[in-house]
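# Inside the fold
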Amino acid sequence: MKILNKLLSFIISIILLISSCCFMGSQAVYQSTSSSTIKYAMEKTDAVNVLADQVLTVVPGYIGESYSSALEKVIKSESMKNFYADYLEDAIFAIINDDPLPSVNESALSNAFLSGFDEVEKNGDLGLSEIQIYLFELVKDQVITVAASSASALLSTVDSDMMGEDVAKAMSFLKILTSDTIRLGSMALMLLCIFALIILNFRKGGWLVIGGFNFIICGALFFFLTTRLGAITITETASDLIDRVIMIMFSNGTGQVGIVSFGLGILMLAVGVIYKLIRFISRSK
């Protein structure tokens, strides 16, 4: 009977490890693609300034070099940076979900540009004469149009088919775990395995030790995956902006899930060991 119990516990623990890795993997993808994680990744890669610099390579030539300094301040104003951040977030969501890339909302860009212009002018940082400001006002609509097409062009040729090979492989692996079937099925199987281990090993508290080891192994696997994602080399060029943002997103998500899984495993293992120790002491008296 004991041999059968141990054999069943071993088989169930293997199933528990697989199901918990699948469930934690789906949670890692969910965490990786959250709005807060995307914003974090954009900050780490300085994505907003990269996009602003790309816009600046086109627009100054359109209105003249004498306006380049003032235009740079407007294009890098807080209003414009917020617009770029929202645009990049939408674009990254589209790439992750294999949806068409969003077009630039020219109305939103126009409002952001005007707000940025007012923001810089209010701070007295434009550095333009009254005549230059007047002339700039005359071509403002055309400048906004050029800025919109430039911003759109940066991401218009970037999609899931054109990512770096390592980035695409990482995304393909992690995206498998996002389906409701995998997520809900693995969660149900994980809970079922824990329940079965409780029935088989309740008196000795063995289910805590077995479950603890499983979650520690699961956490270690996600730590390894985080290390692998972090080791992928991506060049610091604007064309690789999306690759860099996505790698940081998934590295952050797998790292957080690894910490949770590892911590849960340590907690269960500690409680299990303490329970066994107390039980041993009480029986030896």
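Structure's up top.
Residues numbered from 1 in each chain as written. Predicted model: local features only at pLDDT ≥ 70, side-chain atom pairs only at ≥ 80, totals over all residues. Heavy atoms only, no water.

### Section: helix 2 (residues 35-45)
For helix 2, the set of buried residues is T37, I38, A41, M42 and T45. Projected down its long axis, helix 2 carries its buried residues within an arc of 140°, all on one side. Across from the buried face of helix 2, at angles greater than 90 degrees, the exposed residues are E43 and K44. After helix 2 finishes, the residue D46 shows a positive phi value of roughly 55°. (Buried < 20%, exposed > 50% of the residue type's maximum accessible area, 1.4 Å probe, protein only. Helix = DSSP H or I, 4+ residues; strand = E, 2+ residues; numbered from the N terminus. Arc of directions from axis to C-beta.)

### Things to note about a positive patch on the surface
A cluster of basic side chains, namely K2, K6, R203, K204, K276 and R283, defines a positive patch on the protein surface. Taken together, the elements giving at least two residues each to the positive patch come down to helix 1 (2-32) and helix 13 (241-284). Note on placement: R283 falls in helix 13. (Patch = residues over 30% accessible without salt bridge, like charges linked within 9 Å, V, L, I, M, F, W, Y side chains within 5 Å. Areas by Shrake-Rupley, 256 points an atom, 1.4 Å probe, with all protein chains shown as cover. Salt bridge = Lys/Arg side-chain N within 4 Å of Asp/Glu carboxyl O. Lys, Arg positive; Asp, Glu negative; His and termini not counted. Charge placed at Lys NZ, Arg CZ, Asp CG, Glu CD.)

### What about the side chain of S186?
Mapping S186 onto the fold places it in helix 11 (residues 180-201). Under the relative-accessibility criterion, S186 is labelled buried at 7%. Looking at S186, its side chain comes within polar contact range of the main-chain oxygen of R183, at 3.0 Å. Once residues within four sequence positions are removed from consideration, S186 is found in contact with S19, C22, F23 and T181. (Polar contact = N/O pair within 3.5 Å; in protein donor to acceptor, adjacent residues only side chain to side chain. Contact = heavy atoms within 4.5 Å.)

Treat this as a map of the structure, not an account of what it does.
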